[in-house]
Amino acid sequence: MENMQLLLNIVWTMLGAFLVYFMQAGFAMVETGFTRAKNSGNILMKNMMDFVLGSIVFFLVGFAIMFGGDNAFIGTKGFFAPMSLADESGMFHDLPIGVFMIFQTVFCATAATIVSGAMAERTKFVSYLIYSAAISLFIYPVTGHWIWGGGWISQIGFHDFAGSSAVHMVGGVCALAGASLVGPRLNKYTKEEKPLAIPGHNLPLGTLGVFILWFCWFGFNCGSTTAAALNLGDIAMTTNLAAAAATLVTLIVTWIRYGKPDLTMTMNGALAGLVAITAGCDVVNCYEALIIGALAGVLVVFSVEFFDRVAKIDDPVGAISVHGVCGAFGTIMTGVFGTGCSLTAQIIGCAATMAYTFVVAWIMFFLIKKTIGLRVSEKEEVEGLDLHEHGCTAYANFHFHNDK
């Protein structure tokens, strides 16, 4: 019976890992669809390389930083040999170490890929490769150790079941640092600093990406049990209800504010609800999930408007608001509604994770900007990154309007 339970745990965790991996396709579709056609190939390449680089550096170094020992601040064992962290039977955290590692690897890659959308359409490809690897090397694993690796945040009673803070907020805060330093796209703001809409070129593609992400989020949240547990259905229900409530509320808010229900904002509302419920999906009930999702659906609209109109930070896909703001919000709401959760611990853990991530990410982006540069030239941005960075186009035989 014990062996059967272990086999079920292995199968379930692997299935969750495969679903989380497929979130890369969802992010690629969302980011590509909600930006311009002339940069599509560049965005697709970045999303692929997030996972490629993340897989390698997390295996060599990141996993050891995150899970190598019980130091309160950083892992100290398993560098370049993560398999050595397993016990004599090859087990680690009640799973064969390979199973546990692949599940953690796909989570790491998710955090890195969030940054791509916020800095889309004007960032150098080589610079992107550097900071994508760096996020998987010494940003995500450090805060991941604090939260999930036995570090100091976990010791104060902080609860982040599947990563509202550990994954999404970390990615969103990195996106905030990067987008603020790389600057807005050309013609995003008038001389009077009023924001102008730059529509995405393929809303069906972007919407398909949201459907993929919603589907894969069941692997993200339910899979985080890393066991075939009795509460899988409960976690699936809270996840789904929060997403549904957020989507509906965002639709209503945009209908009231803009006169018509806004498609792209409503799709971001769905993602906002999913992000917000991720921390507490195992400790809140269905009604509380509806409340968290509904509030996230309101918050994401005003957050996007704030960064666009007040902060003047150009985020083409709303990644900062969806992942950063709603990730923090969901983490704190876990302290309000979650059974056995401390609001004080949630606030302290969220603030510490945010502070470390922003400071280290800002220094990283600043150093890249001052050395090899973050931004492409004006000519490259106008004519498209596909042509200049990759020598190709995602849409052969189509002619694009170049924004001056």
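Residues numbered from 1 in each chain as written. Predicted model: local features only at pLDDT ≥ 70, side-chain atom pairs only at ≥ 80, totals over all residues. Heavy atoms only, no water.

Visitor: So, the nonpolar core: which residues are in play, and what are the values?
Guide: Counting residues in each nonpolar core, the largest one holds 89 residues, and the members touching the most others are M23, F63, F107, Y140, W148, W217 and F220. Sorting elements by how many residues they give to this core places helix α3 (residues 97–118) first, with 12 residues. Residues within four places of F63 in sequence aside, it is in contact with F58, G68, P82, L85, F92, F100, M101 and Q104. Formed by 19 residues, the second largest nonpolar core is a distinct cluster that contains A112, A134, I135 and I368. (Core = buried A, V, L, I, M, F, W, Y, C linked by side-chain atoms within 4.5 Å. Buried < 20%, exposed > 50% of the residue type's maximum accessible area, 1.4 Å probe, protein only. Helix = DSSP H or I, 4+ residues; strand = E, 2+ residues; numbered from the N terminus. Contact = heavy atoms within 4.5 Å.)

Visitor: Talk me through the environment of S55; I want residue IDs and the actual numbers.
Guide: With respect to the helices and strands, S55 occurs in helix α2 (residues 40–67). S55 sits 50 residues away from T105 along the chain, and the two C-alpha atoms are 6.0 Å apart. Here the side chain of S55 touches F51 through a polar contact of 2.7 Å, landing on its backbone oxygen. (Polar contact = N/O pair within 3.5 Å; in protein donor to acceptor, adjacent residues only side chain to side chain.)

Visitor: Break down the packing of aromatic side chains for me, citing the residues and quoting the values.
Guide: Tallying each qualifying case throughout the model produces 19 aromatic pairs. Ring geometry for F63 and F67: centres 5.1 Å apart, planes at 40°, overall tilted. On the criterion of helical spacing, the pair formed by F63 and F67 is a turn pair, its members being four residues apart in helix α2. Across the pair, F67 and F63 agree in class, each one buried. Taking 6.3 Å as the distance between ring centres and 85° as the angle between the ring planes, the aromatic pair formed by F67 and F92 counts as edge-to-face. (Phe/Tyr/Trp six-rings, centres within 6.5 Å; stacked < 30°, edge-to-face > 60°.)

Visitor: So what about the side chain of S116? Which residues, and what values?
Guide: Assignment of secondary structure puts S116 in helix α3. Sequence-distant contacts of S116, that is, excluding residues within four places in its chain, are made with E31, K46, N47, D50 and Y128.

Visitor: Give a detailed account of the pattern of salt bridges, specifying residues and quantitative values.
Guide: A full pass over the atoms with the stated rule returns eight salt bridges. As a salt-bridge pair, D314 and R185 come within 2.7 Å of each other at their nearest N and O atoms. Placement of the pair is D314 in the loop between α10 (286–310) and α11 (319–337) and R185 in the loop between α6 (164–182) and α7 (203–222), with a sequence separation of 129 residues. The structure contains a network of salt bridges with shared partners spanning R36, E121, R185 and D314. (Salt bridge = Lys/Arg side-chain N within 4 Å of Asp/Glu carboxyl O.)

Visitor: Can you break down the layout of surface pockets residue by residue, with the values?
Guide: Vacant regions in the atomic arrangement are exposed by a probe of water-molecule size rolled over the atoms. By volume, the largest pocket amounts to about 710 Å³. Considering the residues around the largest pocket, the lining is formed by 28 residues, among which K188, A197, T264, V304 and D308 are closest to the centre. Of all elements in the fold, only α9 (263–277), α10 and α11 reach the threshold of two or more residues within the lining of the largest pocket. By residue number, the principal contributor to the lining of the largest pocket is α10, which donates five residues. Across the lining of the largest pocket, the residue classes break down as 15 nonpolar, five polar and eight charged. Considered as a void within the structure, the second largest pocket measures approximately 240 Å³ in volume. Lining the second largest pocket are 13 residues, with F100, Q104, W148, S224 and T226 sitting closest to its centre. (1 Å grid on protein atoms, 1.4 Å probe; cavity = no way out; pocket = protein on both sides within 12 Å on 5 of 7 lines; lining within 4 Å. Points joined across faces, edges and corners; volume = space filled by probe spheres on them. Nonpolar A, V, L, I, M, F, W, Y, C, P; charged D, E, K, R; others polar.)

Visitor: Describe in detail unusual backbone geometry, supporting the description with residues and values.
Guide: The backbone of N187 sits at a positive phi, close to 65°, despite the residue not being glycine. Of note in this structure, K312 is not a glycine but carries a positive phi near 60°. Owing to a relative accessible area of 26%, K312 belongs among the partly exposed residues under this scheme.

Visitor: Let's hear about the packing of helix α1 (residues 2–33) against α2: which residues, and what values?
Guide: At a closest axis distance of 9 Å, the pairing of α1 and α2 adopts a crossing angle of 160°. One finds that α1 runs roughly antiparallel with respect to α2. Note that α1 runs across α2; the crossing there is right-handed. Judged by residue contacts, Y21, Q24, F27, A28, M29, E31 and T32 of α1 engage S40, I43, L44, N47, D50 and F51 from α2. For the contact of α1 with α2, a count of residues per class yields seven nonpolar, four polar and two charged. (Axes fitted to C-alpha atoms, helices over the stretch in contact; angles between N-to-C directions. Parallel < 35°, antiparallel > 145°, perpendicular 65-115°, else oblique. Left-handed = near helix turned anticlockwise from the far one by under 90°.)

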